[in-house]
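Single-letter residue listing:
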Amino acid sequence: MARKKKMSTGKKVGITALAAVIVIGGVAGYATLGKKSTTSNVLNEYLPVDMTTQDLSQMTDSYAFEVAANVQQGLLSRTSSGAPKAGLAKSWSHSKDGLTWTFHLRKGLKWSNGDPLTASDFVYAWQRTVNPKTASQYAYIYSGIKNADAINSGKDKDLSSLGIKAKNKTTLVVTLEHPMPQFQNLMAFPVFFAQDKKFESSLGSKVGTSSSKQVYDGPYKFVGWNGSNKKFKLVPNKNYWNAKAVKNKGVDFQVITDPTAALALYNKGELDQVTLSTPQQIKKYKNSKNFKIYNQSQTDYLEYNQTGKVKGLTNTKIRQALNLATDRKSISQSVSEGLDSAATGITPAGLALTSTGGDFAKTAAKATAYAYNIKKAKKLFAEGMKEAGLKKLTLTIEGSSDSTVTKSTLDTLQQSWSELPGLTVKEKLVPFKQRLLDQENHNFDVVLAAWGADYAEPLTFLNMFVTDGANNDGKWSNKQYDTLINNASDKDALSDTKRTADEIKAEKTLYDDSAVNPVFWVNAATLSNSKVKGVQYFSSGASYYFWNAYRSKK
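Residues numbered from 1 in each chain as written. Predicted model: local features only at pLDDT ≥ 70, side-chain atom pairs only at ≥ 80, totals over all residues. Heavy atoms only, no water.

A. Structural context of the environment of Asp-513. With respect to the helices and strands, Asp-513 occurs in the loop between α16 (496-512) and β18 (516-528). Overall, the relative accessible area of 18% leaves Asp-513 in the buried class. When the C-alpha atoms of Asp-513 and Lys-317 are compared, they prove to be 8.5 Å apart, with 196 residues separating the residues in sequence. When near neighbours in sequence (up to four residues on either side) are disregarded, Asp-513 contacts Thr-316, Arg-319, Trp-476 and Asn-478. Of the polar contacts made by the side chain of Asp-513, one reaches the side chain of Trp-476; its length is 2.4 Å. (Helix = DSSP H or I, 4+ residues; strand = E, 2+ residues; numbered from the N terminus. Buried < 20%, exposed > 50% of the residue type's maximum accessible area, 1.4 Å probe, protein only. Contact = heavy atoms within 4.5 Å. Polar contact = N/O pair within 3.5 Å; in protein donor to acceptor, adjacent residues only side chain to side chain.)

B. Representation of the packing of helix α9 (residues 328-336) against helix α12 (residues 406-417) in the model. For the pair α9 and α12, interaxial distance at closest approach is 9 Å and the crossing angle is 155°. Here α9 is positioned roughly antiparallel relative to α12, judged by the angle of their axes. In terms of crossing hand, the pair formed by α9 and α12 is right-handed. Of the residues in α12, those touching α9 at Ser-330, Ile-331, Ser-334 and Val-335 are Ser-408, Thr-409, Thr-412 and Leu-413. Of the residues belonging to the contact of α9 with α12, the class tally is three nonpolar, five polar and no charged. (Axes fitted to C-alpha atoms, helices over the stretch in contact; angles between N-to-C directions. Parallel < 35°, antiparallel > 145°, perpendicular 65-115°, else oblique. Left-handed = near helix turned anticlockwise from the far one by under 90°. Nonpolar A, V, L, I, M, F, W, Y, C, P; charged D, E, K, R; others polar.)

C. Seen up close, the layout of surface pockets. A volume near 280 Å³ is recorded for the second largest pocket. Leu-353, Ala-456, Glu-457, Asp-496 and Arg-499 are the residues nearest the centre of the second largest pocket, which is lined by 18 residues in total. Considering every element that reaches the lining of the second largest pocket, the biggest residue donor is α16, with four residues. Considering only residue class, the lining of the second largest pocket consists of nine nonpolar, five polar and four charged. (1 Å grid on protein atoms, 1.4 Å probe; cavity = no way out; pocket = protein on both sides within 12 Å on 5 of 7 lines; lining within 4 Å. Points joined across faces, edges and corners; volume = space filled by probe spheres on them.)

D. Expanded view of the confidence of the model for the protein. In the predicted model, the protein carries a mean pLDDT of 90, and 93% of its residues have values of at least 70. Segment residues 1-5 is flagged for pLDDT under 50; beyond a separation of four residues in sequence, or across chains, it makes 47 contacts in the model. Segment residues 8-37: pLDDT under 50, and 143 contacts once partners within four positions in sequence are set aside and those in other chains are kept. (pLDDT = per-residue confidence, 0-100.)

E. A look at the environment of Gln-273. Along the polypeptide, Gln-273 turns up in strand β12 (residues 273-275). Taking the C-alpha atoms as reference points, Gln-273 and Ile-318, separated by 45 residues in sequence, lie 43 Å from one another. Here Glu-45 takes part through its side chain, which lies 3.0 Å from a polar atom of the side chain of Gln-273.

F. Spotlight on the side chain of Thr-102. With respect to the helices, strands and loops of the structure, Thr-102 is situated in strand β6 (residues 100-105). Sequence-distant contacts of Thr-102, defined by excluding residues within four places in its chain, comprise Ser-91, Trp-92, Ser-93, Thr-171, Leu-172 and Val-173.

G. Expanded view of the pattern of salt bridges. For the structure shown, the criterion picks out 18 salt bridges. Residues Asp-115 and Lys-198 are paired through a salt bridge, measuring 3.6 Å at the closest nitrogen-oxygen approach. On the criterion of sequence distance, the pair formed by Asp-115 in the loop between β6 and α2 (119-130) and Lys-198 in helix α5 (residues 197-200) is long-range, its members being 83 residues apart. Exposure remark for Asp-115: the relative accessible area of 10% places this residue in the buried category. With relative accessibility at 64%, the residue Lys-198 sits in the exposed group. Between Glu-457 and Arg-499 there is a salt bridge; the shortest N-O distance is 2.9 Å. Of this pair, Glu-457 sits in the loop between β17 (446-452) and α14 (459-462) while Arg-499 is found in helix α16, placing the two residues 42 residues apart along the sequence. Salt bridges sharing common partners tie together Lys-317, Lys-379, Glu-383 and Glu-387. (Salt bridge = Lys/Arg side-chain N within 4 Å of Asp/Glu carboxyl O.)

H. Region of interest: the packing of aromatic side chains. Scanning all chains against the criterion turns up 25 aromatic pairs. Seen in terms of ring centroids, Trp-101 and Phe-183 are 4.9 Å apart; in terms of plane orientation they differ by 45°. Their pairing is tilted. Here Phe-183 lies in helix α4 (residues 183-186) and Trp-101 lies in strand β6, a separation of 82 residues in the sequence. Under the relative-accessibility criterion, Trp-101 is labelled buried at 6%. An aromatic cluster is built from Phe-222, Trp-225, Phe-232, Phe-253, Tyr-294, Tyr-537, Tyr-544 and Phe-546, whose rings are joined through pairwise contacts. Over the face of the ring belonging to Phe-538 we find Arg-78, whose NZ or CZ atom lies 3.8 Å from the ring centre. Looking at Arg-106, its charged tip hangs above the ring of Trp-241, at a distance of 3.5 Å from the centre. (Phe/Tyr/Trp six-rings, centres within 6.5 Å; stacked < 30°, edge-to-face > 60°. Lys NZ or Arg CZ within 6 Å of the ring centre and 35° of its normal.)

I. Spotlight on the sheet that holds strand β9 (residues 220-223). Spatially, four strands are ordered β2-β11-β10-β9 in an open sheet, and the strand pairing comes out mixed. Either end of the sheet is taken by a strand with one partner, and the two such strands are β2 (43-47) and β9. The sheet shows a mean angle of 25° between the axes of neighbouring strands, taken without regard to direction. The sheet contact formed by β9 and strand β10 (residues 231-236) spans four bridges and is antiparallel. When the sheet's bridge partners are listed, Lys-221 is paired in β10 with Val-235. On the sheet, helix α1 (residues 62-71) packs against β2, β9, β10 and β11 (251-255) and is oriented at approximately 135° with respect to β9. (Pairing = 2+ DSSP bridges.)

Written out as structure tokens, the structure reads:
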């Protein structure tokens with residue numbers, strides 16, 4: 001949400017949050033424009049980019065998580081409002097200090113291939129993810145579980161010291177280093193799901209590289225994906241513990257990177273919902289009764305390469321100048337027909353509340369002052385260039401070529417940034433997969449990235465930028481920031497007032513140092529088939545649950 005739930009900035013177009021309230025999830029409503037309707041009880045969905053993986057320890061993007069959340073299930077699941085509910089665990093409890101959690105699995109659980117699923121499968125999965133040899137980009141999210149950080153950093157070589165133990169085949173005990181307010185929500189997040197050691201042991205790095213190289217314990221099985229093809233399916237999993245609750249015969253997916261083609265298929269009745277991904281589409285349909293918007297809790301932002309490989313970007317004044325030369329309002333207007341929202345921080349509006357009940361993002365904005373001021377930008381840039389000993393600087397901004405909003409965003413940035421004396425700005429568009437790889441390898445000057453919330457708390461965004469964090473691709477480092485995040489995650493975790501104060505100070509530190517450049521906040525604009533009922537949409541974590549959905553005859 002999740003590696004950064006690293007999202008293609010073209011999956012869903014940005015829409016301003018309708019209200020400054022916490023939005024964990026909701027049931028998606030549907031309406032149709034289709035000229036003909038599909039009559040079978042199979043849902044028709046699409047992805048705007050290629051599927052990457054179904055290795056639960058390696059997936060980093062929202063699309064992989066969307067599939068995983070339907071073909072796998074965690075200890076806990078989620079209600080339509082986003083609250084935790086029983087999943088593979090039928091019951092759970094915790095100690096008074098919040099440090100020890102006990103989960104009781106349902107009896108007779110099986111993987112899709114018939115292998116028994118036991119508590120040891122969770123132990124194996126968690127140990128595999130935090131093991132530094134796995135190189136999971138999401139291992140950081142285990143921080144707070146006993147010894148997870150020490151193991152992932154390589155300081156503790158004993159995987160068995162991780163704070164998860166199988167007392168028997170159906171009982172798990174998890175030990176935390178400190179209370180984690182988000183812990184129950186995380187138990188419904190795919191990175192914490194079980195994995196079948198018996199099945200995976202012979203596959204090595206090939207786990208999840210095709211649908212046949214994975215097994216499933218959720219409502220569906222994933223079939224028909226060879227690792228690169230454009231059509232695949234979710235089919236009901238007869239070994240799922242609650243198979244009778246699945247209300248449809250599956251979900252047909254296809255990869256459609258062209259938003260015009262996706263809309264055309266929707267209008268033909270061949271897709272049950274479509275994301276409006278261009279300003280032209282939004283303009284045409286925004287007044288229609290079929291137009292729906294959903295809080296997506298996503299921020300699109302620029303990350304600067306501060307490894308020292310890119311001249312100038314380690315200079316604070318140069319980064320401050322680039323932030324000041326970013327016309328967020330014009331960008332948000334261009335990508336969403338005026339319905340998007342210019343970011344005032346890395347944490348989006350509508351995600352979380354403060355200790356006093358206000359929207360966190362609006363409260364944090366009082367401590368930051370992201371604004372477009374080209375005059376001040378020119379002055380700071382000249383000062384920064386002098387400090388860095390530079391007369392000229394060339395920066396390349398990279399973005400996803402399969403996103404419908406990237407080109408207009410980069411064009412606006414290029415136009416305004418080029419006003420800075422001595423700066424030449426170039427654009428680089430690459431496929432989504434390549435953009436993710438370039439971020440991970442720090443192979444960029446400036447990159448337009450995106451992050452969606454893994455859970456409904458500001459730390460899901462703020463955690464990204466701690467020193468040497470797995471998602472800190474720019475390699476920015478600030479001791480004060482690290483302390484604030486550590487306090488919010490540990491000693492202040494159970495105090496809403498103190499934790500909120502830490503998080504607001506962290507937002508201000510990001511702003512003061514121009515560590516990153518929040519550009520706009522993203523939500524979803526869709527058209528949907530009114531005959532499809534019961535699809536559950538969530539603004540944090542994996543986006544959709546499909547198994548309660550069905551096609552109505554009316």
